[in-house]
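Residue strings, one per chain:
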Amino acid sequence: MDKWMKFLEINSSRIFDLTIEHAILVGLAILVALLIGVPLGIYLTTNDYLAETVLQIASVMLTIPSIALFGVMIPVFSIVNLGIGFVPAFVALVLYAQLPIIRNTYTAIRNVNPQMRDAAMGLGMKPLQRLFRVEIPNAFPVIMAGIRTAVVINIGIGVIAAYIGAGGLGVLITQGISRGDNYLIITGSVAVAILAMIADGFLLWIQKRYTPKSIAN
Amino acid sequence: MITFDQTTKTYAGGVTAVKGVDFTVEQGEIVVLLGPSGCGKTTLLRMVNRLETISDGKIMIDGEDSMALDQIALRRKIGYVIQSNGLFPNMTIEENVMIVPDLLGWSKKEKKARFNKLMEMIGLSGDKFGKRYPHELSGGQQQRIGVIRALAADPPVMLMDEPFGALDPIIREKIQGEFLQIQKEVKKTILFVSHDIDEAIKMADKIVLLRGGELMQYDTPSEMLVRPKNEFVREFFGKDRAIKSLSLHTIQNLREIIGLAEFDEAITDTKTINVHHDLRNSLSMLLNQEAEQVIVSDDNGNKLGAITIDLVQKYLHFEIKAKPALVQKG
């Protein structure tokens, strides 16, 4: 234990830097995934046929082993000279985040009480007014749950990004494995777990803060 | 005024929900669409604000073909009340009520004033309830809010789809009465869907009875009860339709036409009933034998006479059956 504390003391600034790197990678990926996934999920509620196809593709995406997906990114991005590093890792994470975000957005909007939608139409709301004033606010908790799942998945999978040179907390773990250094492995793992818990807790707070009280239970 | 002109609804599969219906809802009247489930009453209602398309024929609102009007503008001009859950849980009561004025771009001040006025109409405090959310209100209060939301921008026409259907009988009866009171003031042209015969008789100036999308009879409640046009109408209103028709008449009507009986001061076991009570309730009071003698009083408590089962029966036979159109609803 003493040795471990000493290890943390020596490496604290490096651990901190890697955590920040990890958080930025995942944060940016989630942001872009949101910009794609939420509008797409909403659009799919108006197109049943496409919805099935897109959700299938997104499901398959999540079953690809992460190390394989990161591996595939290397030759693809080599074409534009970005084979390793931040960009391929970022793209892979965006893809992984799609399923929970699209699926939850789609399901949440679909499940808005039809009578509520009916009332909104009958009162003369235009489709976008209905979406922003009624459907999204009432679908919010389920959409947020999807985002939280995506964030936690991405923080975990982001560890693999170290293998293609994208940095992050995975660096500690991969180095630990190759050197047989348990301190490195444990420190990296614990840091990833703490990061995931903090991110999820923060998003849960936002979710509760902005969920209409009437539908919170 | 809403005019249905050969209005027809055929679904893609070839099922016809509404078949060439013709009738007019006059300005300021409540017309109840009544019929068994699946008779097309809700579909017909929803065709008015174009939540359902019109397959054939026309619906005219104040003389204008509804298809010629902009769909969004049309809906904002028509109040719409649905059975339950029509309130948006993410909005406060004030936001819910003021949706249409808000969509129409009213100023904050206008909205506030209108909200308080509407809340006053249903006897709730605007200040107290405005910031609350729908789930914090009772079912009856929520339904009242649903009604004033439809009235918010003062639309000439209102559509009500079983608005009181989800309430328990006691609250329902109370709100029906309140709503009739409000209607006396606002005089909207109202189309009202119901599957409850008693509600239809109570609320309607006229009833449209539908069956399988076809109009069976369009008449005042008393005409329909006394002179059903066909076997379906007769059966729909049931064997007790004579008793039902009594709810359209008050003791006052009976008093004016055949007079009340003398009451006996010597009898101590008496009950008093207001002269504006309807005859159906009066009759059940008499049949329950709650007291030896039932004395009728006016609003000031003056005793006007006594009412007996014989008198009600006489009134039913000689007045209602003989000349139903004579006595109009209060």
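None of these values were measured; they are calculated from a predicted model.

Time to look at the sheet that holds strand E1 (residues 2–10) of chain B. Residues and elements named next belong to chain B. Taken in spatial order, the 4 strands line up as E2-E1-E4-E5 in an open sheet, and their pairing is antiparallel. Both edges of this open sheet fall to strand E2 (16–25) and strand E5 (64–65), since each of them pairs with a single strand only. By the bridge criterion, 5 bridges tie E1 to strand E4 (residues 56–61) in an arrangement that is antiparallel. Bridged to Thr8 within E4 is Asp56. Along the sheet, helix H1 (residues 41–48) contacts E1, E2 and E4; its crossing angle with E1, the most-contacted strand, is approximately 120°.

The subject of this paragraph is the environment of Val112(A). Relative to the elements of secondary structure, Val112(A) occurs in the loop between helix H4 (86–110) and helix H5 (114–122). Given the relative accessible area of 4%, Val112(A) is considered buried.

Take the interface of chain B and chain A next. Taken together, the contact pairs 25 residues of chain B with 21 residues of chain A. Both sides of the chain B and chain A interface together cover about 2000 Å² of buried area, and 59% of this is carbon and sulfur. Here chain B and chain A share 2 salt bridges between them. Between Asp102(B) and Arg133(A) there is a salt bridge whose closest N-O contact spans 3.0 Å. Taken together, the connections running from chain B to chain A amount to 7 residue pairs in polar contact (both at pLDDT 80 or more).

Bringing the side chain of Thr8(B) into the picture now. Residue placement: Thr8(B) occurs in strand E1. Apart from the residues lying within four places of it in its own chain, the contact partners of Thr8(B) are Thr16(B), Val18(B), Lys19(B), Gly20(B), Met47(B), Ile54(B), Ser55(B) and Asp56(B).

The positions UniProt marks with the feature "domain: ABC transmembrane type-1" (unreviewed entry) are residues 19–203 of chain A. Between the C-alpha atoms that bound residues 19–203 of chain A the distance is 18 Å, and the span itself is 82% helix and 0% strand.

Definitions and cut-offs
Residues numbered from 1 in each chain as written. Chains lettered and ligands numbered in written order. Predicted model: local features only at pLDDT ≥ 70, side-chain atom pairs only at ≥ 80, totals over all residues. Heavy atoms only, no water. Pairing = 2+ DSSP bridges. Helix = DSSP H or I, 4+ residues; strand = E, 2+ residues; numbered from the N terminus. Contact = heavy atoms within 4.5 Å. Axes fitted to C-alpha atoms, helices over the stretch in contact; angles between N-to-C directions. Buried < 20%, exposed > 50% of the residue type's maximum accessible area, 1.4 Å probe, protein only. Buried area = accessible area lost by both parts, 1.4 Å probe. Salt bridge = Lys/Arg side-chain N within 4 Å of Asp/Glu carboxyl O. Polar contact = N/O pair within 3.5 Å; in protein donor to acceptor, adjacent residues only side chain to side chain. UniProt positions renumbered as here; feature names shortened; annotations may be inferred.

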